[in-house]
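One letter stands for each residue in the lines below.
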Amino acid sequence: GVRQAVQWLDEADAVAGVLAVGAALVASGPSVAGEVFNIATEDWLSAPGAAAVAGSRVATVPRRVLMAGARLGKGLGATPFGADRAALINGPLALSVAKAKQVLGWAPTRTSAQVLADALARGWRGLPLNRAP
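On a predicted model such as this, the values are computed, not experimentally measured, just so you know. (Residues numbered from 1 in each chain as written. Predicted model: local features only at pLDDT ≥ 70, side-chain atom pairs only at ≥ 80, totals over all residues. Heavy atoms only, no water.)

**Let's talk about the confidence of the model for the chain**
Working step 1: Per-residue confidence for the chain averages 83 on the pLDDT scale, and 85% of its residues sit at or above 70.
Working step 2: Taken together, the stretch residues 129-133 has pLDDT below 50 and engages in four contacts with residues farther than four places along the chain or on a different chain. (pLDDT = per-residue confidence, 0-100. Contact = heavy atoms within 4.5 Å.)

**What to know about helix H6 (residues 112-121)**
Working step 1: Buried within H6 are the following residues: Ser-112, Val-115, Leu-116 and Ala-119. Angularly, the buried residues of H6 cover 95° about the axis, an arc narrow enough to put them on a single face.
Working step 2: Buried residues along H6 sit against strand S1 (5-6), strand S2 (45-46) and helix H2 (47-54).
Working step 3: One or two steps after H6, the chain reaches Gly-123, where phi turns positive at roughly 70°. (Buried < 20%, exposed > 50% of the residue type's maximum accessible area, 1.4 Å probe, protein only. Helix = DSSP H or I, 4+ residues; strand = E, 2+ residues; numbered from the N terminus. Arc of directions from axis to C-beta.)

**Some thoughts on the nonpolar core**
Working step 1: Of all hydrophobic cores here, the largest spans nine residues; its members are Ala-20, Ala-24, Val-32, Phe-37, Ala-40, Val-97, Ala-100, Leu-104 and Trp-106.
Working step 2: Of all the secondary structure elements, the ones that give two or more residues to this core are helix H1 (11-28) and helix H5 (98-104).
Working step 3: Leave out the neighbours within four places in its chain, and Phe-37 touches Val-21, Val-32, Lys-99, Ala-100, Val-103 and Leu-104. (Core = buried A, V, L, I, M, F, W, Y, C linked by side-chain atoms within 4.5 Å.)

**A few points about the side chain of Gln-7**
Working step 1: Within the element layout of this structure, Gln-7 appears in the loop between S1 and H1.
Working step 2: A distance of 3.5 Å separates the side chain of Gln-7 from the backbone oxygen of Asp-43, its partner in a polar contact.
Working step 3: At 2.7 Å, the side chain of Gln-7 forms a polar contact with the backbone nitrogen of Leu-95. (Polar contact = N/O pair within 3.5 Å; in protein donor to acceptor, adjacent residues only side chain to side chain.)

This is the structure in structure tokens:
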């Protein structure tokens, strides 16, 4: 019964964001040290939005069923994640990248929908699209 909002970040964007934080620490030192920057996409997908990208539909299940299913799916190798990540979809979790854009000059290059579509296209194996399985 909780509305979800999830973001799917491209690995190259994540690396670029971390490097931008490192560069800011080297350049600015104490003024950036201890700051928190959200490295995420600028958009997020609702459950129906993610289902549309996946060509699927939304199924609502009780939390305990979700967690048990996530553990089972991970154990069987059907999904790359388990209850650790399934817990995150139990409510809205959407980060603003405004501070990272303003202070670091960093912004993601791809949208959540693009990243999710690519992950689905490679079958959740985590392999880059240009590598053989």
